[in-house]
Amino acid sequence: MASRKGSKGTGGAPGPGSKRESKHGGNRNGKKEGLSGSSFFTWFMVIALLGVWTSVAVVWFELVDYEEVLAKAKDFRYNLSEVLQGKLGIYDADGDGDFDVEDAKVLLGLKERSVPEQPASPVSEETIQPAEQSFTKSEHKNVDVELEEEIQPVLHDALHSQPDADFVADDPGATEPETYEVPVSYEYDMDLENTVSDPEAPGDSELTLEDAVEHYTEPEYEKETETQDTAVEDLPEEVHEATEPVRDETVEDLEMEKKLPVESKHTEEDNVAAGPEESEVPVQTEDYSNDNLVGKGETETEQDKMEKVKKKKKPKLLNKFDKTIKAELDAAEKLRKKGKVEEALRAFEALVNQYPESPRARYGKAQSEDDLAEKMRSNEMLQKAINTYDEVVSLPNVPSDLIKLSLKREADRQQFLGRMRGSLITLQKLVHLFPSDTSFKNDLGVGYLLIGDNSNAKQVYEEVLRMAPDDGFAKVHYGFILKAENKIAESIPYLKEGLESGDPGTDDGRFYFHLGDALQRIGDKEAYKWYELGYQRGHFASVWQRSLYNVKGLKAQPWWTAKETGYTELVKSLEKNWKLIRDEGLDVMDKKRSLFLPEDENLREKGDWSQFTLWQQGRKNENACKGVPKTCALLERFPEATGCRRGQIKYSVMLPGTHVWPHTGPTNCRLRMHLGLVIPKEGCRIRCAQENRTWEEGKVLIFDDSFEHEVWQDAESYRLIFIVDVWHPELTAQQRRTLPAI
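Rules used throughout
- Residues numbered from 1 in each chain as written.
- Predicted model: local features only at pLDDT ≥ 70, side-chain atom pairs only at ≥ 80, totals over all residues.
- Heavy atoms only, no water.
- Helix = DSSP H or I, 4+ residues; strand = E, 2+ residues; numbered from the N terminus.
- Buried < 20%, exposed > 50% of the residue type's maximum accessible area, 1.4 Å probe, protein only.
- Contact = heavy atoms within 4.5 Å.
- Areas by Shrake-Rupley, 256 points an atom, 1.4 Å probe, with all protein chains shown as cover.
- Disulfide = S-S within 2.5 Å.
- Salt bridge = Lys/Arg side-chain N within 4 Å of Asp/Glu carboxyl O.
- Pairing = 2+ DSSP bridges.
- Core = buried A, V, L, I, M, F, W, Y, C linked by side-chain atoms within 4.5 Å.
- Axes fitted to C-alpha atoms, helices over the stretch in contact; angles between N-to-C directions.
- Phe/Tyr/Trp six-rings, centres within 6.5 Å; stacked < 30°, edge-to-face > 60°.
- Parallel < 35°, antiparallel > 145°, perpendicular 65-115°, else oblique.
- Left-handed = near helix turned anticlockwise from the far one by under 90°.
- Nonpolar A, V, L, I, M, F, W, Y, C, P; charged D, E, K, R; others polar.

## Quick word on the overall build of the chain
Move 1: Along its length, the chain carries 30 helices and 15 strands.
Move 2: Buried residues in the chain amount to 49% of all 742 residues.
Move 3: Residue pairs at least 24 apart in sequence account for 74% of intrachain contacts in the chain once pairs closer than 6 positions are excluded.
Move 4: With the model as given, the accessible surface of the chain reaches about 36,800 Å², and the carbon-plus-sulfur share is 53%.

## Brief notes about the state of the cysteines
Two cysteines joined by a covalent bond between their sulfur atoms form a disulfide.
Move 1: Counted by the stated rule, this structure contains one disulfide.
Move 2: Disulfide pairing places cysteine 625 opposite cysteine 632 at an S-S distance of 2.1 Å. Negative torsions about the S-S bond denote left-handed disulfides, and the value of about -85° found for cysteine 625 with cysteine 632 makes this one left-handed.
Move 3: A residue is classified by how much of its surface remains accessible, and cysteine 632, at 3% relative accessible area, is buried.
Move 4: Free of any disulfide, cysteine 644 has its nearest neighbouring cysteine sulfur in cysteine 669, separated by 8.6 Å.
Move 5: A relative accessible area of 1% means that cysteine 644 is categorised as buried.

## Regarding the pattern of salt bridges
Move 1: By the definition in use, this model includes 35 salt bridges.
Move 2: For aspartate 517, the salt bridge identified is with lysine 483, shortest N-O distance 2.8 Å. With a gap of 34 residues between them, aspartate 517 in helix 22 (residues 509-521) and lysine 483 in helix 20 (residues 472-484) connect regions that are remote in the sequence. Like lysine 483, aspartate 517 is buried.
Move 3: Between lysine 487 and glutamate 485 there is a salt bridge, with the nearest N and O atoms lying 3.4 Å from each other.
Move 4: Accessibility expressed as a relative area gives 34% for lysine 487, which makes it partly exposed.
Move 5: The network of salt bridges with common partners includes Glu333, Arg336, Arg360 and Asp371.

## Some remarks on the pairing of strand 13 (residues 700-703)
Move 1: Residues of strand 13 alternate between two faces, with Val700 and Ile702 on one and Leu701 and Phe703 on the opposite face, all of them buried.
Move 2: Sheet topology note: the strand 10 (residues 670-678)/strand 13 ladder contains four bridges and is antiparallel. The residue of strand 13 that forms the bridge with methionine 673 is isoleucine 702.

## Observations regarding the nonpolar core
Move 1: One finds Ile403, Leu444, Tyr448, Tyr461, Leu499, Leu515 and Trp530 to be the most contacted residues of the largest nonpolar core, which totals 68 residues.
Move 2: Ranked by residue count, the leading element in this core is helix 20, at seven residues.
Move 3: Those residues in contact with tyrosine 461 that sit more than four places away from it in its chain are Asn442, Gly445, Val446, Leu449, Phe473, Ala474, His477, Tyr478 and Ile481.
Move 4: Ranked by size, the runner-up nonpolar core spans 43 residues in total, among them Leu574, Leu586, Phe638 and Leu731.

## Describing the sheet that holds strand 11 (residues 684-688)
Whether parallel or antiparallel, the strands of a sheet pair through hydrogen bonds between backbone atoms.
Move 1: Read across the open sheet, the five strands follow the order 5-9-14-11-12; overall the sheet is antiparallel. Only two strands of the sheet have a single partner each, and these edge strands are strand 5 (604-606) and strand 12 (691-693). Ignoring strand direction, the axes of neighbouring strands in this sheet form an average angle of 20°.
Move 2: Across five bridges, the pairing between strand 11 and strand 14 (residues 709-713) is antiparallel. Each residue of the ladder has a partner; that of arginine 685, found in strand 14, is tryptophan 712.

## Quick word on the packing of aromatic side chains
Move 1: Tallied over the entire structure, the rule returns 13 aromatic pairs.
Move 2: Centre to centre, the rings of phenylalanine 321 and tyrosine 355 are 5.4 Å apart; their planes meet at 65°, and the pair counts as edge-to-face. Of this pair, phenylalanine 321 sits in helix 11 (residues 320-324) while tyrosine 355 sits in the loop between helix 13 (341-354) and helix 14 (359-376); the two residues are 34 residues apart in sequence, bridging distant segments of the chain.
Move 3: On the numbers, 5.7 Å between centres and 55° between planes, the contact of tryptophan 559 with phenylalanine 703 is tilted. One end of the pair, tryptophan 559, is in strand 3 (residues 559-560); the other, phenylalanine 703, is in strand 13, with 144 residues separating them in the sequence.
Move 4: What makes phenylalanine 703 buried here is its relative accessible area of 2%.
Move 5: Taken together, the aromatic side chains of Tyr528, Tyr531, Phe540 and Trp544 make up a single cluster linked through ring pairs.

## Brief notes about the packing of helix 18 (residues 438-450) against helix 20
Move 1: In contact at an axis separation of 10 Å, helix 18 and helix 20 are set at 25° when each is read in the N-to-C sense. On the basis of their axis angle, the class for helix 18 and helix 20 is roughly parallel. Relative to helix 20, the crossing made by helix 18 is left-handed. Across the interface between the two elements, Asn442, Val446 and Leu449 from helix 18 touch Phe473, Ala474, His477 and Ile481 from helix 20.
Move 2: For the contact of helix 18 with helix 20, a count of residues per class yields five nonpolar, two polar and no charged.

Shown next, in the form of structure tokens:
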């Protein structure tokens, strides 16, 4: 020990300063043997800054796609889950379609084998069951449970009761959205001209019922077990609303008594303009679903409850083979439900190529094409979807529920494209395959009405009422047909009982309108109770204003002044030139009286009422204008009148003893001007809402004919007036261009 101390001491103990110097790499002479403290810090900062700028460069120049990396990681997790489920599915012990903790418990003998209950509704599937909460609360949730939560019910409302958007042709001018209307089916008492239906798809008109069912056989019903797959089969219960073929759709404008509907008359080249700018719907009010006037009452019989349960039964969409590829179907359907339509279509096309006899894969392909058609606004793509829906039912071993959904959707889409006769053939297939299902017969009746075939529609509804005497849908439509045949008193009980039933498809403004109108014609004041209820249910803008093709928010009043309309120049021109207009009209009456055509909309109680039309739906009648050239030349200066595609310009002559029933026009989008030409001193009057007025020669009356109005001609000589319809002044230029014609 002493020697060490000695040696240490002989060497001389360095002082504190020397220690620090040595520590930093220097010696006592100040010569550096390594990096100084400041140099080390400098290099450290340089390296750090290089790292920062490298990271910035990677992000700035997108050298690495982080989103793709994350997406691949996520897909890897899902794919791994699906692979594992495919491998472990054979160990599924509890029948829920996958291998999970519960299956492990059963296999280890910790739990008895059991069969799970079917979920009551798609909503219940989204919630975590109490028995599973202990497992799902963990931070590392089972991957398969997470996947199932993301898939959710696969089939979302197979009929899209209201497609969300109309399909449009490429129209550079249509830069603003279009106003849309309440879809009112088939016939209705309005001032519409005859329209020609769109050409049917090739071969549609040549099909016969025998052709339709040639490749169809009664579907094979597979034995159902309590472990039916639900992921691909969870469709909400189908509600029967056949009178609304397309929601949101400009397949809407329909002709009236015994006329073809205008609504679906769009070819693939002549499509409608873009989505809604302002909803053309009646004012909505509070819910009156529990009103004592309509409905079946508060108490329900056991039979009613059983019927409801039956209606809510989930459709079975998978046959035995499709159950073996359920995971692949789920994956493709998940893409569709997430709105990845193109990817979903590619996935289903791959499945169809791999499994050409899979009905569910082909149905998924049809749905994806349907969705893509809506997204692209393409009628060509929609036609592909229609063809694919038809292919589904030609495959072997198609579940009956899938046949129903495919054919019904096919018929719906055909109607949307104006392929009315093709749709009729499709509906005939449904009735042939499922003759006991009255809902399909009801749809078939609507199909006949849409082509103006009231006779066959009547036979269909008579058959439905023999099978189901309390079918409210059949009753309102049967009553509707009777009223169109002018069997007023006979139609009332069917319309009334149908509305009181509260059945799906009966709460329609048309039926409130026609029931009230029928009651008015027999002098029953109960008419206004039904008008009031129609208003409360949101079908009418008011009890007096009962038009069904309405743009919301427009000023509404029965009578108008020229100043209020803003069309003062037009009014001045008409009043200044009234004698010229009168003389040309009288000349036609004298020489070509046949040009005055009788009113044919069943609006007269009695008498003689004829009209000579110059413009209809914004289109000039060149031949008619040859008879009154100066009058037509005068009007050419006023596009608010000649361009009003929801109105007319015409002479109207009414003989003594004529009474026009109370009625309303079809739309609140126009105002009507009456210029007096030949007016008897007494006996002629018009009522609009609750106010009566009379005509004067050379003066213009202006009223909104969407309000109830009525006319009496009790004079001793004829009355001649000139009618000019104009756009409602509050409509925008875009709305005037895009609103469908009436």
